[in-house]
Number of protein chains: 2
Amino acid sequence: MSSDKPTDRMLPDGSMASGDSVPHPLDPLSVAETNLARDAILNARGSTVVVHFRSISLQEPPKKDLSQFLALEHSGELTPRTPRPERLAKVNYDTVRGDKQHEYMESWVDVVEGREVTKKLIDKAHQASLTMYGSPFIQYVLREADQKGYRQEFRAFTDACLASPLFQKTIAEFDLPEGFVVTIDPWPYGSDEEVVPRYTQGLCFARDTRSGNEDSNHYPYPLPIIPVMDTYSGEIVRIEKLSTGGKEDGLTPGTHQKDILTHCSPGEYIPELLSLPLRSDIKPLNVTQPEGPSFQVNQNLIEWQKWRFRVGFNPREGATLHDIRYDGRSVLYRLSLSEMTVPYGDPRPPFHRKQAFDFGDAGAGRAANNLALGCDCLGVVKYFDAVLTDADGKANVSRNVVCLHEQDNGILWKHTNYRTERAVVTRLRELVVQFIITLANYEYIFAYKFDQAGGITIETRATGIVSVVNIDPNKTSHWGNVVSPGALAQNHQHLFCVRIDPAVDGHQNTIVTEESLPMPISNDLNPFGSGYEVRQTAIKKSQFFDASPTTNLTVKMTNPSKLNPISGRPVSYKFTPSASQLMLAHPDSIMARRAQFAEHHVWVTKYRDRELWAGGEFTNQSKAEVDGVSDAAARNEDVENEDVVVWSVFGLTHNPRVEDWPVMPVEIHQIHLRPADFFTSNPALDVPGAKNSASRLAPGEELCCESGNVQHAPATHLQGSGPDLDPKSKL
Amino acid sequence: MSSDKPTDRMLPDGSMASGDSVPHPLDPLSVAETNLARDAILNARGSTVVVHFRSISLQEPPKKDLSQFLALEHSGELTPRTPRPERLAKVNYDTVRGDKQHEYMESWVDVVEGREVTKKLIDKAHQASLTMYGSPFIQYVLREADQKGYRQEFRAFTDACLASPLFQKTIAEFDLPEGFVVTIDPWPYGSDEEVVPRYTQGLCFARDTRSGNEDSNHYPYPLPIIPVMDTYSGEIVRIEKLSTGGKEDGLTPGTHQKDILTHCSPGEYIPELLSLPLRSDIKPLNVTQPEGPSFQVNQNLIEWQKWRFRVGFNPREGATLHDIRYDGRSVLYRLSLSEMTVPYGDPRPPFHRKQAFDFGDAGAGRAANNLALGCDCLGVVKYFDAVLTDADGKANVSRNVVCLHEQDNGILWKHTNYRTERAVVTRLRELVVQFIITLANYEYIFAYKFDQAGGITIETRATGIVSVVNIDPNKTSHWGNVVSPGALAQNHQHLFCVRIDPAVDGHQNTIVTEESLPMPISNDLNPFGSGYEVRQTAIKKSQFFDASPTTNLTVKMTNPSKLNPISGRPVSYKFTPSASQLMLAHPDSIMARRAQFAEHHVWVTKYRDRELWAGGEFTNQSKAEVDGVSDAAARNEDVENEDVVVWSVFGLTHNPRVEDWPVMPVEIHQIHLRPADFFTSNPALDVPGAKNSASRLAPGEELCCESGNVQHAPATHLQGSGPDLDPKSKL
């Protein structure tokens, strides 16, 4: 997606024939563009302030401009003189004056002209997301900074704890075993009713260093304290003591033992520290593609099996998909993971502040793993890099943050003609765009999967290490499960929101719910009671609604202006919203108020540029969801036959099992977008049903059948049901 | 599973060392045993009656006997003198006397001694399932039989139609185009209020023979008639005229046009008849296992990755799994697909009789496809054959009805230590036991998948050709979708029931529901409203309950006598029942009454031998569910800490899309059984995280990372958060 070539739009006529040197409007910023934006901001702010960059990324063009461009692109009418959408960088940064006064700013920079075009001071009610490149103020406080040192907020927090006499005293109150050191996971502060400055909190653990292996797992040794830092002053403002109690203790703190770790046990997951041997009986299973992959990639443009789309990447959302088309027809304008929140269900303070917004607080793009061949995917893999920025604003290429590969997912369709025993069977090939994020203890694997039947699956896998707190020996809790001695894995939820911006054969779409409903018995319509009604309801105003499995509620994104020539129904793409549990925190709680998006399964809003984030732009220490999807829906706008956006919310209530320790097997969730009367027949009808010649019989087996997909096995149980009747012939 | 070696239990002492020559009590019947059972019945019935066999299969031993045997097997105490459960064949057959009086019988035959041990005359209120080897009576009627001719009921039905002047006259009323012949799909008669003899009905189509290809698809040309035959007399008793109307016609029949097919179009799916070229841009994706599979198979015993189980096969259920154990510990006693029903939602008579019970009416084992290497599975495949019987009772080996293979399903678990950038990632290998059934137009793919984290997934895929009826030109319907000109695909449901017989560390288990519930805000327990309650409810009496996604209802199959040493909770396996839509037909309708099992998502019953079928033993033409799971639950038996059975019901409301034509992409449903506090940590912790060396970069890519699962990409965004604090050292 990134290109290190400097962009140059001042082209002589005719040099655009290949188009290579001018970025597509959906190309993420190049290294050169990123650095140009940085320089523009540094110039514009001048030398009286220090600028600390939080992010520089593509400001996607307004839909009006981009749609025009895309229409020309697809109709082949693009010329060197076609006006292009303004190519903008969105730059988020702090300005710091000598008196340590800080302001959080957002500017847009025209990266062709290298000129700042807008500048906005962010209201102090909002906090920037945590950047791992963050706060410069710590530098002053700790007096460790060198002239160009820009340390992460997270690193700064750890340093501040270590330097804090209060923290040192608190740690000294524990009698940590020999060889154990303190390890801190900085977390967003969460929120409560109190208005506070920018704060950072930390979950503290001890780590056994005696193995000499720095990957020895610290999570089995939770310490019952949470230090809180004033992020900008760098001061540890307090250290909260956590309850270590069990069922019998209610909100009282339990017994904070001096020997806080003696009842804890190791929980290693790295192979060289495991106490049990690795399995030796799992034999290689290789995916090979001797003729290479079936996809073509050109910069960020991906083409595969009639699909064509562009992949973007930004610090907040990670990989995004754009201009998704099938066989030349538009399906979606944009598809993204919009937000997720992870509220913990342990009511004992201060755990009400244990609520992460992993996109708004941290940023999925910033947290993206650098993927490794053969570990994260099998087969032939194409990787994409991303340009991220350090606190000095300089572009930094993060390698392999997104991968692309094909995989087999079993049978796609099959039919056996029982009269002739002729079986035709095809296999379901998928194209997967995947990225993986790490947020301290936890991992999410996100995948967009395209198939040959016109379907798109959005998959989330939750894995990593569950968050634990210390619990007294021999106690159990209402609020979680003891997954390791002394380690209580707290019950929690993962609530995701996927943003779907449909463009089903065009931008004017109507969202329709389809429900299947029982009917009364009636002589004139349903004499035997066997019938059921399929009821369509067009969504006319922006609103929310919930999954309804009892009525088989399906959401159809339709184009009412285009009817399927076979069925006479509007062309559409559909999905069935998962009836997963929504936010369990009390509706009046700050946790719920901060994540209004998580109160309903489906939101339908009228499109607005830059309205991308379900929980609002500023989630860090938010008191409520501001300008999130709930506000967008509340505008009560007309959404029938309009440019409409659908937001799908789903989640996982995770009451941990012992089996989730010390690292949990994936919990998988999928949403399936499928065409519904979009095509005039099964779009995968033309997938060849050829036999895979690489498959083998297990040792000692004999093949009974001839090759090819015609089966000649005896199959007497499927013998034909008799001859056909020729009405013209004499019987 | 089958062995052609004759069994001999009269062994000299010591010859059982290998145990090979004596079948395991769970081995399906061999060819020799099957033929022995046949001969025993022929001898017992004598020469005064003709015996027409419907099925001969293993009568599984009573649990009491089998459990004792299995306990000895697993403790290594099996000796040649260990008493074995009686080895029985269950033989179902009709007896026919010269006067055509028929009786439907079930006998059990001791296949060691070749002796009938029980005999039961089935009440005439019940109908045997349809056998494709079935009725002998047709032979007499049609006077076509040779002395040993045993034709299928289905074949007989077709022959009867062709021979029927009434049918011929009805067909003659249509002006079928030149080159079209009539093709009939025999169906079970379904049921209504009327009591009738054994009937067969047929859906009629025309087939275009002009291509000369006998696999030319007939379903696009539906004829609006249903002939009904008295199965035993062979007489076509009536021909029902079907409505071809649309929304405007209500229950009135529409316009039965003479030129009934002129508005229909071809709908081919076999490659050589497609009107569009096959895709040429899908490159091979091969699964190779150079060191062979990771499983071991010995007769019907399968061992893989700490799993050990036996696979059975019978004409009704297809593949069944038995004595499922992980690392020497019992998990399930038996796992099977119990029943499914497919009611159609078109209220126009006689479509209320369009309701199939694919297990009870037809038999998943009888309908099983013979699988082909590389078409139905990739990789190294082990196939299992089955012994089925023809109407003469002779054993017939049906090849490759079940397949076994491994597959990769993405990441199993991953964690990246953001301090060191060390990532450990493992891949999710699955072992799949699969079979595929064809029921006239439709296919189901059933798979039991085992994974390395102790999980078992039960997957169903629906594919094949949706059932269509004729609709007048330019009309649309409330009751389905026009998927091809003149072809209305009727709305319908697929309602499945999986029977789970748990043996979680023993047979005495308790079913517990776990729900996650909101809590009021209260100062003493939930001051910030962030908490939620996890409520466990033990099921004490046999009963049903429904899925409850709003409370995240999870079903735990627990062993209350065995507590997890870490968490202190009972060891268990759990699943989340799918909140899929249940039976839509009116509760008073005969469709609903016949399938009471489909009225609730979960049933908990006390174990009884031979209580395997959710919809009752006799579903064909049933008036109600007799001795099905609803009756078992109604016994109101104690099920707490008892031998208990759990029945999971789920379904698919299928309102067809045009994309489902002419053969539909798979609709996938999965149930996941997962350990919950069964183990003392993630059971997949010992899965090696080794890099797959067969994976390749896409062309033109450069590998940025070193090999191995330690990632050395720059990844500045995941830089460490700072040093650890050593409490012993001076800061």
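Here the structure is a predicted model, which means the values were calculated and not measured.

1. Some remarks on the interface of chain A and chain B
Taken together, the 232 residues of chain A in the interface contact 234 residues of chain B. Interface area, chain A with chain B, both sides summed: about 19,100 Å², of which 55% is carbon and sulfur. On the surface where chain A and chain B come into contact, there are 12 salt bridges. Residues Arg422 of chain A and Asp215 of chain B are paired through a salt bridge, measuring 3.9 Å at the closest nitrogen-oxygen approach. Our count for the chain A to chain B interface comes out at 98 residue pairs in polar contact (both at pLDDT 80 or more). Split by residue class, the side of chain A that touches chain B holds 110 nonpolar, 74 polar and 48 charged. For strand E16 (residues 380–389) of chain A and strand E34 (residues 696–697) of chain B, the ladder comprises 2 bridges, and the chain directions are parallel.

2. Concerning unusual backbone geometry
Residues Pro349 of chain A and Pro350 of chain A are joined by a peptide bond in cis, for which omega reads 5°. Looking at the secondary structure, you find Pro350 of chain A in the loop between strand E14 (329–343) and strand E15 (355–357). Here Trp661 of chain B and Pro662 of chain B are connected by a cis peptide whose omega angle stands at -5°. Inspection of the secondary structure puts Pro662 of chain B in the loop between strand E32 (642–654) and strand E33 (664–676). A positive phi angle, near 50°, is found at Asp323 of chain B, a position not held by glycine. As for its position among the elements, Asp323 of chain B is in strand E14 (residues 318–326). A positive phi angle is found at Asn400 of chain B, which is not glycine, with a value near 55°. Mapped onto the elements of the fold, Asn400 of chain B is located in strand E18 (residues 395–417). Under the relative-accessibility criterion, Asn400 of chain B is labelled buried at 3%.

3. Focus on the pattern of salt bridges
All names here are of chain B. Per the counting criterion, the structure on display carries 94 salt bridges over all chains. Notably, a salt bridge pairs Glu514 with Lys556, separated by 2.7 Å at the nearest N-O pair. You can see Glu514 sitting in strand E26 (residues 508–518) and its partner Lys556 sitting in strand E29 (residues 554–563), a full 42 residues away along the chain. Note on accessibility: Glu514 and Lys556 belong to one class, buried.

4. Details of helix H4 (residues 153–163) of chain A
Residues separated by three or four positions in an α-helix point in the same direction, a consequence of the helix having 3.6 residues per turn. Of all 11 residues that make up H4 of chain A, 9 are buried, and the element is covered over most of its length. Within H4 of chain A, the full set of buried residues consists of Glu153, Phe154, Ala156, Phe157, Thr158, Asp159, Ala160, Cys161 and Leu162 of chain A.

5. Quick word on the domain arrangement of chain A
Interfaces are often described in size by the accessible area the parts lose on coming together. All names here are of chain A. Entries for chain A in the domain assignment read domain 1 (31–122), domain 2 (151–273) and domain 3 (298–344 + 355–466 + 491–522 + 530–676). Placing the centre of domain 1 and that of domain 3 at their C-alpha centroids yields a distance of 28 Å. Facing the 26 residues of domain 1 at the interface are 28 residues of domain 3. For the pair domain 1 and domain 3, the summed buried area comes to about 2,100 Å², and 51% of that belongs to carbon and sulfur atoms. Looking only at domain 1, the three residues that lose the most surface to domain 3 are Glu60, Lys63 and His74, adding up to 30% of its buried area. On inspection of domain 1 and its partner domain 3, the count reaches 5 salt bridges. Ionic pairing is found between Glu73 and Arg310, a salt bridge with its closest N-O pair at 2.8 Å. Within the residue set of the side of domain 1 that touches domain 3, elements represented by two or more residues are helix H1 (31–45), strand E1 (50–59), helix H2 (63–75) and strand E3 (102–110). No other element matches the 8 residues that E1 contributes to the side of domain 1 that touches domain 3. Within the side of domain 1 that touches domain 3, the residues separate by chemical class into 11 nonpolar, 8 polar and 7 charged.

6. A word on the sheet that holds strand E4 (residues 115–121) of chain B
Residues and elements named next belong to chain B. In space, the 4 strands of this open sheet follow the order E1-E2-E3-E4, with antiparallel pairing throughout. Each edge of the sheet is formed by a strand with only one pairing partner; in this case those strands are strand E1 (50–59) and E4. Taking each pair of neighbouring strands and ignoring which way they run, the sheet shows an average axis angle of 25°. Alignment of E1 against strand E2 (residues 88–96), held across 9 bridges, turns out to be antiparallel. Opposite His52, over in E2, you have Asp94 as the bridge partner. Sheet contacts for helix H1 (residues 31–45): E1, E2, strand E3 (102–110) and E4; angle to E1, the most-contacted strand, approximately 140°.

What counts, and at which threshold
- Residues numbered from 1 in each chain as written.
- Chains lettered and ligands numbered in written order.
- Predicted model: local features only at pLDDT ≥ 70, side-chain atom pairs only at ≥ 80, totals over all residues.
- Heavy atoms only, no water.
- Contact = heavy atoms within 4.5 Å.
- Buried area = accessible area lost by both parts, 1.4 Å probe.
- Salt bridge = Lys/Arg side-chain N within 4 Å of Asp/Glu carboxyl O.
- Polar contact = N/O pair within 3.5 Å; in protein donor to acceptor, adjacent residues only side chain to side chain.
- Nonpolar A, V, L, I, M, F, W, Y, C, P; charged D, E, K, R; others polar.
- Pairing = 2+ DSSP bridges.
- Helix = DSSP H or I, 4+ residues; strand = E, 2+ residues; numbered from the N terminus.
- Buried < 20%, exposed > 50% of the residue type's maximum accessible area, 1.4 Å probe, protein only.
- Domains from an automatic or database assignment.
- Axes fitted to C-alpha atoms, helices over the stretch in contact; angles between N-to-C directions.

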